[in-house]
Amino acid sequence: MKQAYFFVAVLALAGCAQLPPKEAAQPVKTPVSTDIVNFRIPPDALGARDPQLTAVLVKVGALAAAQKQPTTILVTALGADFPYLNQAIWRGVPAQHSVKISLENLTAGANQTYSVSVKPTP
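Residues numbered from 1 in each chain as written. Predicted model: local features only at pLDDT ≥ 70, side-chain atom pairs only at ≥ 80, totals over all residues. Heavy atoms only, no water.

**Looking at the overall build of the protein chain**
No. 1: Regarding its fold elements, the protein chain presents 4 helices and 4 strands.
No. 2: For the protein chain, with 122 residues in total, the buried portion stands at 28%.
No. 3: Across the protein chain, every contact between residues at least 6 apart in sequence was considered, and the portion connecting residues at least 24 apart equals 82%.
No. 4: Split by element, the accessible area of the protein chain, about 8,700 Å² in all, is 63% carbon and sulfur. (Helix = DSSP H or I, 4+ residues; strand = E, 2+ residues; numbered from the N terminus. Buried < 20%, exposed > 50% of the residue type's maximum accessible area, 1.4 Å probe, protein only. Contact = heavy atoms within 4.5 Å. Areas by Shrake-Rupley, 256 points an atom, 1.4 Å probe, with all protein chains shown as cover.)

Structure follows, in structure tokens:
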């Protein structure tokens, strides 16, 4: 009989437990990227000056130039590779659009990936 009272008491207490209001649950916000394009440069393609990489870099320049707002292109690589990368990117930018494009170079550190990103200029 004691077990029956205990069972009834547990059921009663369980029914009284408060549930958190639905408004208290906040949706998880994921960071929003403002990058128009962002990709990693394979080191072997960079070292070999791969023609496909050159073609992609030219298209990056053209994509940046096609934006309506001013655009920043950030290139992360070794200092020795900047002339090649910058030249390939600028080849895709028509002369009349070069004013609204900013090209920034960031020297890659040890174990840092080489990359190119295009984003609106703040």
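**Side note on the sheet that holds strand 2 (residues 71-77)**
No. 1: Spatially, 1-4-2-3 is the arrangement adopted by the 4 strands of the open sheet, whose pairing is mixed. Two strands bound the open sheet, and with one partner strand each, they are strand 1 (37-41) and strand 3 (101-107). Sheet twist, expressed as the average angle between the axes of neighbouring strands with direction ignored, equals 15°.
No. 2: Sheet strands touched by helix 4 (residues 82-91): strand 1, strand 2 and strand 3. Its angle to strand 3, the strand with the most contacts, is close to 160°. (Pairing = 2+ DSSP bridges. Axes fitted to C-alpha atoms, helices over the stretch in contact; angles between N-to-C directions.)

**Section: the pattern of salt bridges**
No. 1: Enumeration over the complete set of coordinates arrives at 1 salt bridge.
No. 2: Measuring nitrogen to oxygen at the nearest pair gives 3.2 Å for the salt bridge that ties R49 to D81. Of this pair, R49 sits in the loop between helix 2 (43-48) and helix 3 (51-66) while D81 sits in the loop between strand 2 and helix 4, and the two are 32 residues apart along the sequence. (Salt bridge = Lys/Arg side-chain N within 4 Å of Asp/Glu carboxyl O.)

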